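Observations on the three-dimensional arrangement
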Amino acid sequence: MKNIASVLSILLASASALAQSGNPYIHDPSSIVECDGKYYTFGTGSGGLISEDGWTWNSGAVRPGGGAAPDAIKIGDRYLVIYGTTGGGTGGGHASAIMTMWNKTLDPDSPDFGYTEAVKVAESLIDEDFNAIDPGVMLDPTTGRLWLACGTYFGHIRIFELDPRTGFRVEGNVGVDVGRNMEGATLAYRDGWYYLLGTHGTCCDGVNATYNIVAGRSRSPQGPFIDNVGRSMLEGGGKPVATSDLRLIGPGHFGRFIVEEGVEKLSFHWEADMDQSGRSVLGVRPLLWKDGWPVAGDAFEPGTYEIESQRSGYALELAVDFIRSENAMRGFSRTANDVPKVSLESQKLSEVIDTWPKGVIDARCGFHMGRTWQRWSVIPVPEAGGYLGGPYYKIIIEGTNRALAATPDAEVETVPEFTGAANQLWRIDQLTDGTFRIMPKEVPGHSEPLALVCFGDTTPTLAKFDFKSDNFKWDFRRFTPLK
Amino acid sequence: MRNIIRTLFVAMALAAAVSPSASGQKRMKDADVAKGLEGYFTLATGPQAYPDANGFIRRWLMLDPISKKNMTNRVFTDSYTREAIMHQYFPGQFTAIPKNGDVEKVTMEYQPPVDLTSNRPSAQANDESKMVKANLYWHALDSDHFFLKLFRFATGLDKTRYGVIFWYVTVINCDEDIENVRLSVGSNCGSMWWLNGEEVAFIATDRHMAVDGTTSKKLTLKKGKNILRGCTINGIGMSECCARFLDETGKPVTNYTITLD
């Protein structure tokens, strides 16, 4: 029974790492926006989700106007919420409009909460090759200009310019067609490139939905947007950004959240979460940039790993004696290779653990050997909450309860028993370059967030994160499933 | 007798419901065709055309859409798409090279007019299937774009816009054999394509049109005439398709002419 409970616990932990926690049920979510320490996203219909920590989501966000697939953005000290008045034509006409409205706060319990009257900024006629729904907005960081992308599978994706001060359409602005047959379009900017992101495939078909997110890029926010093989998005092109997982089906409606330099998140919905009755749920994944293209990273998979410093290639380990493996030393002569091959056993925990001190053991980095003192089981701790896109984890030596911990003097050590204390809980973010940042939930006596850093080749410690330095970057290698 | 009267009454009611302009009982004047398709197609003129700079074939004989009531695109599995397209709708469907103005007498599913003031299909659209006879006409056209905007071909001629099957055919004329080319097509939604009577490309499932969405295996465009025929089926949404030939390196093939006979 204990084993069954243990397996169930691990399965639950694994499942919780794949989808957001709480009741993250939403369709066509807006970009995630932070307001006074809480996270908000709005969906089709009238409401949306709120999260205190970015990991556990529940309904509660308020948006009037109905319609479909809104977007939201913070501009200055106000929030611009934008939506399409209809859900798009599926067998009828395609008259619709895009509306914008402001709010001083997104917290419906705040006395400052109250939307301005919505104004129309774009529209589609009843029968033209355009359907004004699914808006996505981007404030150009280089010019301060506010761009709106909208449209759907019926005809073109069109770009308009809005006034970031008023939320109105810029006077005289004429829409520019930049794509065809997509849903959930929006724009992003990075390193001199403008990206048009959209969703291809079939919406609203549960576990059979073929939704997938694609991108093209341009040097101008008004295109032309070209994909990785030279196809224009007006020609139906698009480089893949996010596709279905095994049990999470149909990602759609891209949203970008920049946490800080090098740490970005991609939000979207899964058309169906097969572990939640096939409901449409919020998805948040690391947003990576590979060769100038956005790519959704995977959810961190609980398991046992070696944790490799990108500074030195060394592995995070316990500062204990190197216990030599008892397998015989072999020569390299022909006769030495004439005997039959056998598979050598790996060194076991039981062969070394009694040589380790019983109390606190320092952490350090050493040569990758795949040895027991370098094998870390990374396991989510559901009751510990989370952060945008993930739960907190405990990091323990495989087969033990010995846990990595932050110390009051901002160093790292291992303690013999994981207690659930905040200094033993770790946040893991995959960075835009694909490597990882590892941060304790709390460093006793320190209010500033600190990250695991390799100060010298063998010396892990904690310091303020700097994306430009490989000292702060780690990789999780040689995965094996949790036992 | 009573049954005969009732049958006649139903037939007359259906005939009235499917107006001549909606069903294509009468051939439209060329000027009306040109006006209806403005911005998307022009009447084909001149003895021959050429692929455009990117190799897209723009000159086609296109048949008025066949009504095939599909109010969802979820049905377009491989087997359904193939079966729906391969159904014999008119004689010479897979072999003939029609002329501009030729008529096909087709028995097809009746669909009520679409209510454009609604975003959804009318309730009647899901009524039990009724069959009607219609005269469908071939039109010799040049596309104004690299693709065939089949949806606007239908609406411009005041035909059924959703739940449709489009047939089109063209002739590729080569001065010599062109070996190791591939037919490259895209369609919204499913489509099948034949070169000289042989099936060479097939697309199924609900999808958008993408340039080079599917390519055939390597083919030879033979010296002389090559008949290229295609068919696109769609439920709701923006029907369209495109086609070109690519050489072994993926570059467009352009050294041929296009005629309609």
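Structure shown above.
First, a word on scope: everything that follows refers to the structure included in this document. Since we're looking at a predicted model, the values are computed, not measured.

Thresholds applied
Residues numbered from 1 in each chain as written. Chains lettered and ligands numbered in written order. Predicted model: local features only at pLDDT ≥ 70, side-chain atom pairs only at ≥ 80, totals over all residues. Heavy atoms only, no water. Helix = DSSP H or I, 4+ residues; strand = E, 2+ residues; numbered from the N terminus. Buried < 20%, exposed > 50% of the residue type's maximum accessible area, 1.4 Å probe, protein only. Polar contact = N/O pair within 3.5 Å; in protein donor to acceptor, adjacent residues only side chain to side chain. Contact = heavy atoms within 4.5 Å. Buried area = accessible area lost by both parts, 1.4 Å probe. Salt bridge = Lys/Arg side-chain N within 4 Å of Asp/Glu carboxyl O. Nonpolar A, V, L, I, M, F, W, Y, C, P; charged D, E, K, R; others polar. Pairing = 2+ DSSP bridges. Axes fitted to C-alpha atoms, helices over the stretch in contact; angles between N-to-C directions. Disulfide = S-S within 2.5 Å. Core = buried A, V, L, I, M, F, W, Y, C linked by side-chain atoms within 4.5 Å. Phe/Tyr/Trp six-rings, centres within 6.5 Å; stacked < 30°, edge-to-face > 60°. Lys NZ or Arg CZ within 6 Å of the ring centre and 35° of its normal.

Now for the side chain of histidine 208 of chain B. With respect to the helices, strands and loops of the structure, histidine 208 of chain B is situated in the loop between strand S9 (198–203) and strand S10 (214–215). Relative accessible area serves as the criterion here: at 18%, histidine 208 of chain B is assigned to the buried category. A polar contact is formed between the side chain of histidine 208 of chain B and the backbone oxygen of glycine 236 of chain A, at a distance of 2.9 Å. Each residue touching histidine 208 of chain B, except ones within four places of it in the same chain, is listed here: Asn181, His200 and Gly236 of chain A together with Ser187 and Asn188 of chain B.

For the rest of this paragraph, the subject is the interface of chain B and chain A. Between chain B and chain A, the contact holds 28 residues from the first and 26 residues from the second. For the pair chain B and chain A, the summed buried area comes to about 2,200 Å², and 45% of that belongs to carbon and sulfur atoms. Of all residues in chain B, Arg74, Asn119 and His208 of chain B give up the largest surface area on contact with chain A, accounting jointly for 25% of the area buried on that side. Residue aspartate 127 of chain A pairs with arginine 161 of chain B through a salt bridge whose shortest N-O separation is 3.1 Å. Along the contact surface separating chain B from chain A lie 13 residue pairs in polar contact (both at pLDDT 80 or more). Broken down by class, the residue content of the side of chain B that touches chain A amounts to 13 nonpolar, six polar and nine charged.

Turning our eyes to something else, we now look at the pattern of salt bridges. All names here are of chain A. Across all of its chains, the model carries 38 salt bridges over all chains by this definition. A salt bridge links lysine 265 to aspartate 429, with the nearest nitrogen and oxygen atoms 2.7 Å apart. A residue pair is termed long-range when its members are at least 10 positions apart, and lysine 265 in strand S19 (residues 263–273) and aspartate 429 in strand S31 (residues 426–430) qualify at 164 residues. For aspartate 429, a relative accessible area of 0% corresponds to the buried category. Here aspartate 470 and lysine 473 are joined by a salt bridge, their closest N and O atoms 3.8 Å apart. Take aspartate 470: its relative accessible area is 41%, and that puts it in the partly exposed class. Take lysine 473: its relative accessible area is 6%, and that puts it in the buried class.

Bringing the sheet that holds strand S3 (residues 38–42) of chain A into the picture now. Residue and element names in this part refer to chain A. Strand order in the open sheet formed by five strands is S1-S5-S4-S3-S2, with mixed pairing between adjacent strands. Only two strands of the sheet have a single partner each, and these edge strands are strand S1 (21–22) and strand S2 (33–35). Note that S2 and S3 share three bridges and pair antiparallel. Across the sheet, residue glutamate 34 finds its bridge partner in S3, namely tyrosine 39.

Before going further, it helps to examine the sheet that holds strand S16 (residues 212–218) of chain A. Within a sheet, adjacent strands bond to each other through the backbone by hydrogen bonds, running parallel or antiparallel. Residues and elements named next belong to chain A. Across the sheet, four strands lie side by side as S14-S15-S16-S17; this open sheet has antiparallel pairing. With partners counted over all chains shown, the strands left at the sheet margins are strand S14 (183–190) and strand S17 (239–242), one partner each. Averaged over all pairs of adjacent strands, the angle between strand axes in this sheet comes to 30°, irrespective of strand direction. Pairing of strand S15 (residues 193–200) with S16 involves seven bridges; the strand directions are antiparallel.

Following the criterion strictly, the structure yields one disulfide over all chains and no others. In this model, cysteine 203 of chain A is linked to cysteine 204 of chain A through a disulfide, with the two sulfur atoms separated by 2.2 Å. On the S-S bond that ties cysteine 203 of chain A to cysteine 204 of chain A, the torsion sits near 45°, and the link is right-handed. Given a relative accessible area of 16%, cysteine 203 of chain A falls into the buried group. Cysteine 231 of chain B carries a free sulfur, and the closest cysteine sulfur to it, the one in cysteine 241 of chain B, is 9.6 Å from it.

Here we come to the nonpolar core. General note: in soluble globular proteins, nonpolar side chains tend to be found buried as a group. Judged by nonpolar contacts, the single largest core of 45 residues is most densely connected at Leu316, Leu462 and Phe476 of chain A. Setting aside anything within four residues of it in sequence, one finds leucine 462 of chain A in contact with Ala406, Ala410, Glu411, Val412, Trp426, Pro440, Val443, Leu450, Ala451, Leu452 and Val453 of chain A. Residues Phe41, Leu183, Val200 and Leu219 of chain B belong to the second largest nonpolar core, which totals 37 residues.

Next up on the list: the packing of aromatic side chains. Each aromatic ring pair is specified by the distance between its two centres and by the angle formed by the two planes. If you walk through the whole model with that rule in mind, you get 34 aromatic pairs over all chains. Ring centres 5.3 Å apart and planes at 70° place the aromatic pair phenylalanine 300 of chain A and tyrosine 393 of chain A in the edge-to-face group. Note that phenylalanine 300 of chain A is positioned in the loop between strand S21 (293–296) and strand S22 (303–309) and tyrosine 393 of chain A in strand S28 (residues 393–397), a separation of 93 residues in sequence. Of the two residues, phenylalanine 300 of chain A and tyrosine 393 of chain A, neither departs from the other in class, the shared state being buried. With 6.1 Å between their ring centres and 80° between their planes, phenylalanine 90 of chain B and tryptophan 138 of chain B make a pair best called edge-to-face. Placement of the pair is phenylalanine 90 of chain B in the loop between helix H4 (78–86) and strand S4 (103–109) and tryptophan 138 of chain B in strand S5 (residues 131–143), with a sequence separation of 48 residues. Judged by its relative accessible area of 3%, phenylalanine 90 of chain B is buried. Here the aromatic residues Phe300, Tyr305, Tyr393, Phe436, Phe476 and Phe479 of chain A are joined through ring pairs into a cluster of three or more. Taking NZ or CZ as reference, arginine 217 of chain A lies 3.9 Å from the ring centre of tryptophan 193 of chain A, over its face. The cationic tip of arginine 82 of chain B hangs over the ring face of phenylalanine 202 of chain B; the distance from NZ or CZ to the ring centre is 4.4 Å.

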